[in-house]
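Here is what each chain is made of, one letter per residue.
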Amino acid sequence: MKILFVMPSMDNGYWKKLGKKVGPKSEPLSLLYIATYLNQNNHKAEVADCEAEGISLTELENKIRNGKYDCVGVAMLTPLYTQAINICKLTKQINSKIKTIVGGSHPTLRPLGTVEDEESIDVAAVGEAELTFLDLLDAFEGKKELKDVEGIVFREKGKVIQTKAREKLQNLDKLPIPDRSLIKMELYRPSVSYYRRLPAYTMITTRGCPYRCTFCATAKTGYRMNSVPRVIEEMKMLVEKYGAKEILIRDDTFTLNRQRTIDLCDAIIKEGLNKKISWDAISRANLVDEELLTKMKEAGCWGMHFGVEGGTQKLIDSIKKDTTLEAIEKAFRLCRKIGINTRAYMMLGMPGSTKEDDIKTIEFAKKIDPDWAQFTICTPYPGTQMYDEQVKIGNVSNDWDTFQTWGGFSETDLPWVADGRSSDEIKELQRYALKSFYFRPKVIVRKMTNIDNLPILKKYVLGAMALAAGGSGRGPE
Ligand code: B12
Ligand code: SF4
């Protein structure tokens, strides 16, 4: 069958305004994984990335009209909801026989509601969808029944039906390396503060996270790893075929399995990849130590990102972060000692928090002194424990377009505000947090001494402009 996978344009709120300039253009790995798997199994799948390729709805319409597709698969993160729906509607207007399938975090976490709310969606895929999609195509070809396809929600005779959940694929090596020739790799680059050298491309080496943070859409999803040789093969491909100078490893908790991290670093060094690329990764502060970080640095790791979230033990306990302020401080201290750049993800306005708590969070960010800090306004995404709890209280919006948790300035309406807090107060605190964090003499001097080439200077100028554009940043009164 012929399938078009579409990544909708991030054409709302923050992304429309500042995101286009300083935000990321990230390879749509989710769609590439599925498309590659289908192509390997004798289907013909293409990928259209409306954001990166600048494809307008009219251009997409022409593509679908002329492409003779049997199915259109659309990626649906919560903030992409409306754009994804518009693409399903458009497809049905062009030809009602084309099957529309949505997948990604939003339908995974809200499967029945997603299909019930929108008639132009034929099927929603729940969870990882490589195997599901292949089965689905068999069903569309009449080889099996839709009700026997695990991991989907579909509509039949006016009824919405959810099938048995699909078990997670344990051996990730069974999936082919995503075929990046399906997209225009030259269009992709991370956000300005996320790289040192370009081309910088993204990959994942594990799936899932066993931790239970109440705000997180990937909480309690287990943990599976690609083998070390498979990771090396993909890294080599990025270097040799696409000229990557940097790799962004976007696993949720890269260092969860300490021995595997060490083995991977050893293999990177053995292959000489550490001489060709640098890389960064995301993990938890309690999952690193001096020996591990030293090994990672030797293997080319230049940056580590940690979810810190709150600046008091009470706050981080309240979201079940399962770590301590001491462990966090230690991880940042070690990274600086070893020479690994750090990024701290902080959250403002958590449930039950006060303005004073948030000020302590901002002060804690300064204390641990990462190279980059992101202060995001806490947002309960559907499917998370936090969402379920806040919906009971009754103050969460169902306007999915407003679910944008950018670490820059939030200027659009917030979908939710913690009890006793106001949206204006939290937005103002966010401005204060960013400005008071970055416009410290120590940070400015550090950034200036780090400028050793023009692109870095350019990205700092862009970053400073973005910060300066963000309102008064007067801070707490
Ligand atoms: C890389 C990344 C990004 C990148 C690229 C996103 C992209 N366009 O793909 C960038 C930096 C741009 C980004 C932005 C945001 N992200 Co993000 N991101 C990720 C991250 C770390 C990895 C995604 C990835 O590539 N995974 C690897 C692939 C293979 O897995 P996958 O995406 O889950 O895909 C599988 C299934 O979901 C399914 N599937 C996915 N899409 C589709 C489509 C179809 C048609 C089908 C059938 C199936 C299907 O099949 C795939 C293969 O098995 C995830 C965390 C995570 N671990 O997934 C967060 C995550 C997806 N992001 C999240 C969020 C909240 C955001 C932002 C809203 C944050 C913000 N700053 O505002 C923005 C949204 C931007 C926007 N307007 O869409 C949440 C999503 C929550 C939600 N309910 O939508 C996640 C889950 C993080 C989290 N733990 O909470 N993100
Ligand atoms: S926030 Fe990080 S550690 Fe917590 S559940 Fe999500 S991915 Fe895991």
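Cut-off values and rules
Residues numbered from 1 in each chain as written. Chains lettered and ligands numbered in written order. Predicted model: local features only at pLDDT ≥ 70, side-chain atom pairs only at ≥ 80, totals over all residues. Domains from an automatic or database assignment. Near = placed C-beta within 6 Å. Helix = DSSP H or I, 4+ residues; strand = E, 2+ residues; numbered from the N terminus. Pairing = 2+ DSSP bridges. Axes fitted to C-alpha atoms, helices over the stretch in contact; angles between N-to-C directions. Contact = placed C-beta atoms within 7 Å. Core = buried A, V, L, I, M, F, W, Y, C linked by C-beta atoms within 7 Å. Buried ≥ 20, exposed ≤ 12 C-beta atoms within 10 Å, placed from the backbone. Nonpolar A, V, L, I, M, F, W, Y, C, P; charged D, E, K, R; others polar. Parallel < 35°, antiparallel > 145°, perpendicular 65-115°, else oblique. Left-handed = near helix turned anticlockwise from the far one by under 90°.

Engineer: What should I look at first to understand the domain arrangement of the protein in this one?
Structural biologist: Frequently, the measure chosen for interface size is the accessible area that the parts lose on association. Under the domain assignment used here, the protein contains domain 1 (2-156) and domain 2 (189-468). Its C-alpha centre places domain 1 at a distance of 28 Å from the equivalent point of domain 2.

Engineer: For this particular structure, what's the right way to read the site of ligand 1?
Structural biologist: Taken together, 42 residues sit near ligand 1, with Ser-30, Gly-73, Gly-103, Glu-128 and Ala-217 positioned nearest. Taken together, the elements giving at least two residues each to the shell around ligand 1 come down to strand S1 (2-7), helix H2 (29-40), strand S3 (71-75), strand S4 (99-103), helix H6 (105-109) and helix H8 (130-140). Take the shell around ligand 1: its biggest share by element is five residues, from H2. Two domains each provide a minimum of three residues to the shell around ligand 1, namely domain 1 (2-156) and domain 2 (189-468).

Engineer: Honestly, the sheet that holds strand S11 (residues 246-249) in this entry has me stumped. Any pointers?
Structural biologist: Strand pairing within a sheet occurs via backbone hydrogen bonds; the two strands may be parallel or antiparallel. Judged by pairing direction, the sheet is parallel, and its six strands sit side by side in the order S8-S11-S12-S13-S14-S15 without closing on themselves. At either margin of the open sheet sits one strand with a lone partner, and together these are strand S8 (200-203) and strand S15 (372-377). For this sheet, the mean inter-axis angle between neighbouring strands, taken without regard to orientation, is 20°. Pairing of strand S14 (residues 341-348) with S15 involves six bridges; the strand directions are parallel. Residue Met-346 lies in a different strand from S15, and its bridge partner there is Phe-375. Lying over the sheet, helix H9 (residues 228-242) contacts S8 and S11, oriented at roughly 150° with respect to S8.

Engineer: What is the right way to look at the nonpolar core in this model?
Structural biologist: As a rule of thumb, soluble globular proteins bury nonpolar side chains together. The biggest cluster of nonpolar side chains holds 125 residues, and the ones touching the most others in it are Val-6, Ala-84 and Ile-247. Per-domain counts for this core show at least three residues from each of domain 1 (2-156) and domain 2 (189-468).

Engineer: Help me understand the site of ligand 2, please; the structure alone is not making it clear to me.
Structural biologist: Inspection of the region around ligand 2 gives Cys-209, Tyr-211, Cys-213, Cys-216, Thr-218, Ala-219, Asp-252, Thr-253, Arg-284 and Gly-307 as its neighbouring residues. Residue composition of the shell around ligand 2, by class: five nonpolar, three polar and two charged.

Engineer: What's the story with the packing of H2 against H8 in this structure? I'm lost.
Structural biologist: Packing of H2 against H8 brings their axes to within 9 Å, and their N-to-C directions diverge by 50°. The pairing of H2 with H8 is recorded here as oblique in orientation. For the element pair H2 and H8, the recorded crossing hand is right-handed. Two secondary-structure elements touch here, H2 through Tyr-33, Ile-34, Tyr-37 and Leu-38 and H8 through Glu-130, Phe-133 and Leu-134. The residue makeup of the contact of H2 with H8, split by class, is six nonpolar, no polar and one charged.

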